[in-house]
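Here's the letter readout for the chains.
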Amino acid sequence: MSRAFLLLIVAMVSLMALPPMAGAQTSASFALRAGRIITAAPGQPGVMNGGVIIVRDGKIVAVGTDIAVPSDLPLIELPDATVMPGLVAAVSNVGVTRVPDESIGAAYRASDNFDRYADYRQVLASGVTTAHLSPGATRLMSGQGGVARLGGPASSRVLSAASDLTITLDPGAYNPPPIVEELVPPSSDNAIKPASAQRPSSRIGQLLALKEAVGEALKPPAGAKFDDHGAALARAWQANLPVRVQSQRQADLAGALAFLASNQRKGYIVGGTEAAALADQIAGANVPLVYTLSAPRSSPAANLGNDPEALEPDLRSLAALGRVRLALAVAPGQSVMGLRLAAATALRAGLTRERIIEAITRVPAEILGVADRVGSLAPGLDADLLVLSGDPLETTTHVLRVYAAGRLAFRAPGTDAVVVKAGTVWLGPDQWLTDGSVLIEKGKIVAVGKHVPTPPGASVIDGGPGSFMTPGLIDAYGHLGLQGDNTTTGPDLSLARLVGVADVAELRVARAGVTTVMVGPYRAAQSGSRIAAIKTAGDRRDRRVVSETAGLVFDVTDVDPASVSERLKPRLEAGKKYLEMWQKYEKDLAEWQKNKAEGKATQQPIGAPKEAEETAAPKVEDPITGTWTARLFGGPIRPEDEREGKIAFKLTGTAIEGRVLEPALPMDFKITGTLDGKRITGRLELETRGLGYPTFEGTIDKEDHCSGTVSLQGLTINFDMRRIDKSEVEFKVKSTRKKTTGKDGRPLPPKVDESLEPIKSILEKRIPAVVAATTSAQIDAVLDILVDQYDLPVVLLGPEGIEVHAGRLAEKNVGVVVPTDVMRRDEKNQWSVPGDVLSRRGVHVAFQSGGEDGARSLPMVGLYAVERGLSAETALAAMTIDAARMYRLDGRIGSLAPGREGDMVIFSGHPFEAGSRVERVIVGGEEVKP
């Protein structure tokens, strides 16, 4: 089998073993637009903002800021990324490390040992796309170096098979092993020759050995045997191959300069720890220097030793190399993956950012002889591109993508981490953080500060030095998503059930900076309607719903102040009893769990759960018990479809139970409710397939007569009833006892009443009662019952003339969602801003849109309020943290703090400056696209 055939098989096996890269790009033609482009090309600006790179067939054809994107190319948008040339490592550990016996080994080529089919993604992930292939650093002349690309097609990876003749002037190359000439085949006729000593053994000896080796290679001694290394040295010398001198000490560096000058050779020096002392000579000789730096360590060194001859690299010595043509590299033997971070430490020496970047891109490419292929971004060069999350020399910057010869060679693993930066981060009224950052993971804020963690692979959104970041704005009451539906919804229905993928109107509101809307119906039911907290952007319902029930809104604008109590109190009392049932259950459950843990719980016989007799209520005046005629009409019922029937009711204490007697129905169901004076409320326990129970409320306005309404899902119809028989009717029920425990004695929970759940939450102070009231007397009545009697959290919705109550509101911590009109006339017929008057007196206010997609104009309303005298900081708080606090949601939205939702807006300046505009909007850690 031929050697060529063997090499072909090895290549195929290597290629098949190479793991495929997820999402690998197959096309080498595209257009790329980035937030910042660093070309590192001579005569080009250091940074292009908003530049475009055009790539065709793996080659760059255009770079600039005013380039039109060809229609036949796919466009890659990277608005927050920095794109620069791939890093060029002039010193690397890529390839096979070898320690030859020969002190002069010019025939060895490092490129012959380079595996062009290997997977170098780990190195690419550090940003290094091009690397020098070293033949070694322990012999006087180790061989010929090469240059390789670490990604892209295998056929294009070797950029230079023989880039230099590598020599080492350093004590490490002294005293190579003697050469023993082996007899092949062994013979008794030939005497075994003693080993031949090799040079160098000293500093002087190394230069003499080089001179002798070159002389013998160019003019071999008469009768000398053919020498592979001598022949290779002669070819390299005659081809004027650059000489790569690896040297650190001042004396050796001086010797290197002398060697190059005396032989009139072009070349460069690698190392240069003590080069500062010879800076002028190096610059005068126009010899480039690859200065090697120690890469940052992942752990401290165990023992650096106390050798007085040990070299002490000093970054400050770099400052003396200002006139030297300089490249930067990691020290031999260290991982090339530390190149970018090692180069960044040169900032300590005072090197400019531009010079450092050139020192790891274009300059080493020029030194290695491959600048016509790589090292900068210019037309005609290979598209070796490095995509970074930020500034190349920032320690928090990470490599996001690498393109090699126009093909995607590396992409950072996907992560849900996002770092958002801004020139100013608003943390609260008069609390600003300059040059701040926010880290978001899994949609939640995990860190806020001037320097937050930046996980590898995290995307970075940078608003720039003049930007101003705030929490996402909140519309404290609106109707986003209802699309003009004026249906009145009952307390058993949450509008969150209507939420799906954000539509065009909702996304427009998001792009205006409003990230959360407290969505309520246009008209509230008499028994209250739920308010849902909904995000304005998101592709799933669970990502958009902040709270299915963020509040319960009541409307008393049409109620006589003296009757406000009659409107609110029955619901509160019913909710109070409902809450007491749950509190008793939770207490009994906790006691049962404790007893069970202590071994005291008693096991009830299976099939014989504990039962309790219904407690008989004391006798009271009974305006309910008996048979009633009933008529349903109004609402969606047409006159020709009106129905009449008979209903039997029974009153036990204040509890009402009923059954429909006529007409006969296909299913039997209970009617349950509560009597409060002359007012009845309750529900029809009718199966509606998840739509909740129909609820009713009515008033016994005269003897044996009652009228009211029945509501379900916003639909309301009227009823009118008259009692025709006061005799008690026995209902056919399975049992007069109710089960209170399960088979194991565990307490059973009460039945969930969706219409009373929000009342229960208000009584538990988890959500507020939001009340729309107009007159001063109505406001007084609301505060009397909800705040003074029941001590509940209250938010007043759009009240007029509220200023007279400011002291009481501030004392009771009652929030106010100001009217949609910023300006109003006060009692003296003077224009005023209610939000300003209230906030000055300690009342927290919030803004509402009172509309649907009109919420996108809410920031402009705040701007107008500020122009009319409201503090800009108060206005911003009103649209963020204060609105969130009113709805008891400040633990999730309204501020930038760990644990909060990743909702934020980046403005070009303070939101309520006339020239400020929304630049970026992030909702749940995901940017809302323009």
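Parameters at a glance
Residue numbers restart at each chain and count upward from 1, following the sequence in its written direction. Side-chain atom pairs in this predicted model are given and counted only at pLDDT of 80 or more, local residue features only at pLDDT of at least 70, and totals for whole chains, interfaces and linings cover all residues. Calculated side-chain values reflect all of the structure's heavy atoms, with hydrogen atoms and water omitted. Segments assigned H or I by DSSP are reported as helices when at least four residues long, segments assigned E as strands when at least two residues long, and all are numbered from the N terminus. Note on definitions: a residue-residue contact is assigned when non-hydrogen atoms from the two residues lie within 4.5 Å. Accessibility throughout is a Shrake-Rupley quantity obtained with a 1.4 Å probe, and a residue counts as covered only by protein chains that appear here. Relative accessibility thresholds used throughout: buried, under 20% of the residue-type maximum; exposed, over 50%; partly exposed, between the two (1.4 Å probe, protein chains only). Should DSSP find at least two bridges between two strands, the strands are taken to pair. The term salt bridge refers to a side-chain nitrogen of Lys or Arg lying within 4 Å of a carboxyl oxygen of Asp or Glu. Here the axes come from fitting lines to C-alpha atoms, over the contacting stretch only for helices, and the angles between their N-to-C directions go from 0 to 180 degrees. When describing relative orientation, an angle under 35 degrees is termed roughly parallel and one over 145 degrees roughly antiparallel, while 65 to 115 degrees is termed roughly perpendicular and anything else oblique. In this scheme, a crossing is called left-handed if the near helix is turned counterclockwise away from the far one by less than a right angle; it is called right-handed if the turn is clockwise. Note on residue classes: Ala, Val, Leu, Ile, Met, Phe, Trp, Tyr, Cys and Pro are nonpolar, Asp, Glu, Lys and Arg are charged, and everything else, Gly too, is polar. Aromatic rings from Phe, Tyr and Trp, with only the six-membered ring used for Trp, were paired whenever their centres fell within 6.5 Å, and each pair was classed as stacked if the ring planes differed by under 30 degrees, edge-to-face if by over 60, and tilted otherwise. In the analysis that follows, any N or O atom pair within 3.5 Å is treated as a polar contact, provided that within protein one partner can donate a hydrogen and the other can accept it, and provided that, for residues neighboring in sequence, both atoms belong to side chains. Side-chain atoms within 4.5 Å are what join buried Ala, Val, Leu, Ile, Met, Phe, Trp, Tyr and Cys residues into a set we call a nonpolar core. For a helix, the expected span equals 1.5 Å multiplied by the residue count minus one. Known as pLDDT, the predictor's confidence for each residue is given on a scale from 0 to 100.

Draft legend 1. Highlighting the overall build of the protein chain. Scanning the protein chain for helices and strands turns up 19 helices and 44 strands. For the protein chain, restricting intrachain contacts to residue pairs at least 6 apart in sequence, the fraction spanning at least 24 positions comes to 66%. By element, 52% of the accessible surface of the protein chain is carried by carbon and sulfur atoms, the whole surface being about 43500 Å².

Draft legend 2. Summary view of the pairing of strand E24 (residues 529-535). Of all the 7 residues making up E24, 7 are buried; the element is thus mostly covered by neighbouring parts of the structure. Neither face of E24 is open: one carries Ser529, Ile531, Ala533 and Lys535, the other Arg530, Ala532 and Ile534, and all of them are buried. As paired elements, strand E23 (residues 514-519) and E24 share 4 bridges and run antiparallel to each other. Bridging from a neighbouring strand, Val519 pairs with Ala532 of E24. Looking at chain direction, E24 and strand E25 (residues 545-555) are connected through 5 bridges and run antiparallel. Within the sheet, the bridge partner assigned to Arg530 lies in E25 and is Leu552.

Draft legend 3. Broad picture of the pattern of salt bridges. Under the criterion given, the structure shown has 50 salt bridges. When the shortest N-O distance is used, the salt bridge between Lys59 and Asp382 registers 2.4 Å. Highlighted residues: Lys59 in strand E4 (residues 59-64) and Asp382 in the loop between helix H9 (362-368) and strand E14 (385-388), separated in sequence by 323 residues. When its relative accessible area of 5% is taken as the criterion, Asp382 is described as buried.

Draft legend 4. Focus on the sheet that holds strand E29 (residues 655-662). Taken together, the 8 strands give a closed barrel; going around it, the order is E27-E28-E29-E30-E31-E32-E33-E34, and neighbouring strands pair in antiparallel fashion. Neighbour-to-neighbour, the strand axes of the sheet open up by a mean angle of 30 degrees, direction not taken into account. In this structure, strand E33 (residues 705-712) lies alongside strand E34 (residues 715-725), joined through 8 bridges in antiparallel fashion. Bridge pairing in E34 links Val710 to Ile717.

Draft legend 5. Broad picture of the packing of helix H3 (residues 203-218) against helix H5 (residues 250-262). Between H3 and H5, whose axes approach to 11 Å, the crossing angle comes to 20 degrees. It follows from the interaxial angle that H3 and H5 lie roughly parallel. Relative to H5, the crossing made by H3 is right-handed. Residue-level inspection shows Arg203, Gln206, Leu207 and Leu210 of H3 in contact with H5, the latter providing Ala251, Asp252, Gly255 and Phe259. Of the residues that constitute the contact of H3 with H5, the class distribution is 4 nonpolar, 2 polar and 2 charged.

Draft legend 6. How the structure looks around the packing of aromatic side chains. On inspection of all chains with the given rule, the structure shows 7 aromatic pairs. Where Phe114 meets Tyr120, the ring centres are 5.5 Å apart and the plane angle is 10 degrees; that geometry is what we call stacked. Between Trp237 and Phe259, the ring centres sit 6.2 Å apart and the planes meet at 65 degrees, which makes this aromatic pair edge-to-face. Residue Trp237 is found in helix H4 (residues 228-238), and its partner Phe259 is found in helix H5; the two are separated by 22 residues along the sequence.

Draft legend 7. Just unusual backbone geometry, in detail. A cis amide bond, omega 15 degrees, links Arg199 with the succeeding residue Pro200. For Pro200, the position within the fold is in the loop between strand E9 (158-168) and H3. Its identity is not glycine, yet Lys765 carries a phi of approximately 65 degrees, on the positive side. Tracing the backbone shows Lys765 in the loop between helix H13 (757-763) and strand E36 (769-772). Even without being glycine, Arg888 reaches a positive phi, approximately 60 degrees. You can see Arg888 is positioned in the loop between helix H19 (881-886) and strand E42 (904-907).

Draft legend 8. Spatial organisation of the sheet that holds E23. A sheet is described by the order of its strands in space; here 8 strands give the open sequence E22-E23-E24-E25-E36-E37-E38-E41, paired in mixed fashion. Looking along the sheet, the strands with just one partner apiece sit at the ends: strand E22 (473-478) and strand E41 (845-846). The sheet contact formed by E36 and strand E37 (residues 794-797) spans 4 bridges and is parallel. Counterpart to Val771 in the pairing with E37 is Leu796.

Draft legend 9. Representation of the pairing of E34. Where strand E27 (residues 626-633) and E34 come together, 7 bridges link them in antiparallel fashion. For Thr627, the partnering residue across the bridge sits in E34 and is Asp725.

Draft legend 10. Structural context of the side chain of Ser126. Position of Ser126 among the secondary structure elements: in the loop between helix H2 (121-124) and strand E7 (128-133). Judged by its relative accessible area of 11%, Ser126 is buried. At 2.5 Å, the side chain of Ser126 and the backbone oxygen of Val123 are in polar contact. When near neighbours in sequence (up to four residues on either side) are disregarded, Ser126 contacts Leu87, Val336, Met337, Arg340 and Val399.

Draft legend 11. Region of the structure containing the nonpolar core. Membership of the largest hydrophobic core comes to 77 residues, with the highest contact counts inside it found for Leu150, Leu233, Leu318, Leu321 and Leu328. When residues no more than four places from it in sequence are discounted, the contact partners of Leu328 are Tyr291, Leu293, Leu318, Leu339, Ala343, Ala346, Ile356, Ala359 and Ile360. Listed in part, the 73 residues of the second largest apolar core include Val509, Val818, Leu858 and Ala877.

Draft legend 12. Highlighting helix H12 (residues 564-597). Compared with an ideal rise of 1.5 Å per residue, which puts 34 residues at 50 Å, H12 spans 49 Å between its outermost C-alpha atoms and is within 8% of the ideal. Trailing H12 by a residue or two, Gly599 shows a phi angle of about 80 degrees, which is positive.

Draft legend 13. Here's a closer look at the side chain of Ser376. With respect to the secondary-structure elements, Ser376 resides in the loop between H9 and E14. Beyond its immediate sequence surroundings of up to four residues, Ser376 is in contact with Thr39, Ala40, Ala41, Pro85, Arg362 and Leu381.

Draft legend 14. Seen up close, the confidence of the model for the protein chain. On average, residues of the protein chain carry a pLDDT of 88, and 89% of them reach 70 or more. Low pLDDT, under 50, characterises residues 1-26; the predicted model gives this stretch 23 contacts beyond four residues in sequence or across chains. Note on residues 733-737: pLDDT under 50 across the span, and 6 contacts to partners over four residues away in sequence or across chains.

Draft legend 15. Region of interest: H5. Taking 1.5 Å as the rise per residue, H5 with 13 residues should run 18 Å; its terminal C-alpha atoms sit 18 Å apart, in good agreement. In this fold, the buried residues of H5 make contact with E9, H3, H4, strand E10 (243-247), strand E11 (267-271) and helix H6 (279-284). In the segment just after H5, Gln264 is the residue with positive phi, at about 50 degrees.

Draft legend 16. Highlighting the packing of H12 against helix H14 (residues 776-789). Running from N to C, H12 and H14 cross one another at 25 degrees; their axes reach a closest spacing of 9 Å. Viewed along their axes, H12 and H14 adopt a mutual orientation that is roughly parallel. In terms of crossing hand, the pair formed by H12 and H14 is right-handed. Touching Val564, Ser565, Leu568, Lys569 and Leu572 of H12 are Ala781, Val782, Ile785, Leu786 and Gln789, all from H14. In terms of residue class, the contact of H12 with H14 is made up of 7 nonpolar, 2 polar and 1 charged.

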